[in-house]
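Single-letter residue listing:
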Amino acid sequence: MDHQFRMLIDGDLVEGASTFDVVNPATAASFAQCPKADAALIDRAVAAAKHAFPAWAARPIEERAGMVDALADKLEARAAEFASLLTSEQGKPLDQAMYEVMGSVFTLRAFAAMRLEPTTLRSEGGNTVIEHRTPLGVVAAITPWNFPIILVMNKMGPALVTGNTMVIKPAPTTPLTTLLLGEICAEVVPAGVVNVVCDQNDLGHLLTGHKDVAKVAFTGSTATGKKVMAAAAAGVKRVTLELGGNDAAIVLDDVDAKFAAQKVYGSAMANAGQICVATKRAYVHETMYEEFCTEIAKLAQAAIVDDGSKQGTTVGPVQNKMQFDKVTALLDDARTRGTVIAGGEPIDRPGFFIAPTIVRDLDDDAPLVREEQFGPVLPVLKYSDIDDVIARANDSEMGLGGTVWGKDLARATAVAMQIDTGTVWVNQYLAIDANIPFRGAKQSGLGGELGISGLHEYTQAHIVNAIELADA
């Protein structure tokens, strides 16, 4: 494409030390060049953010929030451009790309409307105790390839509103929408407040271990999150980690099988299954297991798998070759252990396409059940006892999200209360709202994003404890 992408450092759009190819996953061919930083450019970006921090933090919050609102306005005005670019680099169908862009607009506006007022903890006998919150400093935001725009906003919104400055590093397979966002930031916020740098997964340690970075906000795999946490430990940096999930859907015996199949399919296959809180394993009561399997297989077989830019596409490609190979290996193993009732193979054409796949009759120890597949493949497992299925759903090192489907809301909610994850949705899925906190349990994360508690993650709680002096 003709657009020349540049990084944002200290208010300037700058060339990289080198460039690398960005591949369209629907064609497996390069379609753009991305500038690549080196150590010196990383240092420049952090230094710019550090220099900009005092003045930015000193601005009234209404001014900072107004600029975040202005970013949302500019993003909305260019929504079609962002969505098209997102589909090209990430692969998701254009309608899903537009949904992500508009969700990003909503997220920025939601954070711009939030405020952290000082809280009086005590006021008696001449003693006043106030808790207020102050910004941390430079925030390094490291974002993944499955939702390249909105997962930046989950960090940018609260970081900027609370008075922090930022260095953002997107995933190297989907850097372009973040670079385009940098062009907007250059028009709206003061120099150095937001900086955008790119690498090929080789420079992240320079940010996570940088002495002038106060906080690291990371979304990505659990394995990488552990490395981020270890690197941040040397400086006791604040960290927010939103990591992997192996989310279970539990279908109770009182819900319509066809309805449940439609909902579980949607929760598993959106964005080609590449969502941290997508359904990764479905547990269905034995009385409806056969009917459920039949119905969900029909949905998978009817999917239109194609380039996301083509009208009517419902499932796009897996985003990159590494993930494609991982999902293909899980499929190869699952075919030997269970029964494939839809899909089951990569699609023989250019691009990283895998047919939406449903596998039944697997044991709980199968890799497709135990591991996070992060692709358009879903195992469907049978259960008979509710206590047993709760234990099976909880038998995972991960604990990000999950769903429960049931006609009796009180019963379904009671089951949801026993699922050991940060979020459980009942009779709905992916109901993420910028005003509602989102956290991971166990190895699915540390800290949280969104909501007022998401603002807290970017601040230091500061206690002022004052007492009046007695008259001399």
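As shown above, the structure is provided for reference.
What you see is a predicted model, and the numbers here were worked out from it, not measured in a lab. (Residues numbered from 1 in each chain as written. Predicted model: local features only at pLDDT ≥ 70, side-chain atom pairs only at ≥ 80, totals over all residues. Heavy atoms only, no water.)

Right, let's talk about the sheet that holds strand β18 (residues 402–405) for a bit. Within the open sheet, the seven strands sit side by side as β14-β15-β16-β13-β12-β18-β19. Their pairing is mixed. Looking along the sheet, the strands with just one partner apiece sit at the ends: β14 (339–342) and β19 (425–426). Bridging between strand β15 (residues 357–360) and strand β16 (residues 377–383) involves four bridges; their strand directions are parallel. Within β16, the position partnered with I358 by the bridge is L378. (Pairing = 2+ DSSP bridges. Helix = DSSP H or I, 4+ residues; strand = E, 2+ residues; numbered from the N terminus.)

Our focus in this paragraph is the sheet that holds strand β24 (residues 459–467). Strands sit in the order β5-β6-β24 across an open sheet of three strands; the sheet is antiparallel. The sheet is open, and its two borders are formed by β5 (119–124) and β24, each paired with just one other strand. Mean inter-strand twist for the sheet, computed between neighbouring axes without regard to direction, equals 20°. Pairing geometry for β5 and strand β6 (residues 127–135), over five bridges, is antiparallel. Residue pairing in the sheet places E124 in a bridge with N127 of β6. (Axes fitted to C-alpha atoms, helices over the stretch in contact; angles between N-to-C directions.)

Contact pair helix α9 (residues 257–269) / helix α10 (residues 289–302): the axes reach a minimum separation of 8 Å and the direction vectors enclose 45°. Of the possible angle classes, the one that applies to α9 and α10 is oblique. In the packing of α9 onto α10, the handedness of the crossing is right-handed. Residue-level inspection shows A257, K258, A260, A261, Q262, V264 and Y265 of α9 in contact with α10, the latter providing E291, F292, E295, I296, L299 and A300. Residue composition of the contact of α9 with α10, by class: nine nonpolar, one polar and three charged. (Parallel < 35°, antiparallel > 145°, perpendicular 65-115°, else oblique. Left-handed = near helix turned anticlockwise from the far one by under 90°. Contact = heavy atoms within 4.5 Å. Nonpolar A, V, L, I, M, F, W, Y, C, P; charged D, E, K, R; others polar.)

Let us look at the pairing of strand β10 (residues 215–219). Burial analysis of β10 places five of its five residues in the buried class, which makes it a mostly covered element. Residues of β10 alternate between two faces, with K215, A217 and T219 on one and V216 and F218 on the opposite face, all of them buried. Sheet topology places strand β7 (residues 138–142) next to β10; four bridges connect them, and they run parallel. The residue bridging A140 from the neighbouring strand is V216, located in β10. (Buried < 20%, exposed > 50% of the residue type's maximum accessible area, 1.4 Å probe, protein only.)

What follows concerns the packing of aromatic side chains. The geometry of an aromatic ring pair is captured by the separation of the ring centres together with the interplanar angle, meaning the angle of the planes. Taken as a whole and assessed by the stated rule, the structure comprises four aromatic pairs. Arranged with centres 6.3 Å apart and planes meeting at 75°, the rings of F259 and W405 form a pair that is edge-to-face. One end of the pair, F259, is in helix α9; the other, W405, is in strand β18, and 146 residues separate them in sequence. Overall, F259 belongs to the partly exposed group, its relative accessible area being 34%. Judged by relative accessible area, W405 falls into the buried class, the value being 0%. Judged by centre distance (5.9 Å) and plane angle (45°), the rings of F324 and F352 are tilted. With F324 in helix α11 (residues 321–337) and F352 in the loop between β14 and β15, this residue pair connects regions lying 28 residues apart in the sequence. A residue is classified by how much of its surface remains accessible, and F324, at 13% relative accessible area, is buried. (Phe/Tyr/Trp six-rings, centres within 6.5 Å; stacked < 30°, edge-to-face > 60°.)

Here we take up the pattern of salt bridges. Pairing between side chains of opposite charge can happen when their charged atoms approach one another. Considering all chains together, one arrives at 28 salt bridges under this definition. A salt bridge links R109 to E76; its shortest N-O distance comes to 2.7 Å. Taken together, the residues R109 in helix α4 (residues 94–112) and E76 in helix α2 (residues 61–77) connect sequence positions 33 residues apart. Its relative accessible area of 33% is what places E76 among the partly exposed residues. Among the salt bridges present, the one from K280 reaches E372, with a minimum N-O distance of 3.2 Å. Here K280 is found in strand β13 (residues 279–285), whereas its partner E372 is found in the loop between α12 (367–370) and β16, with 92 residues between them in sequence. (Salt bridge = Lys/Arg side-chain N within 4 Å of Asp/Glu carboxyl O.)

Just distances and angles here, no functional claims.
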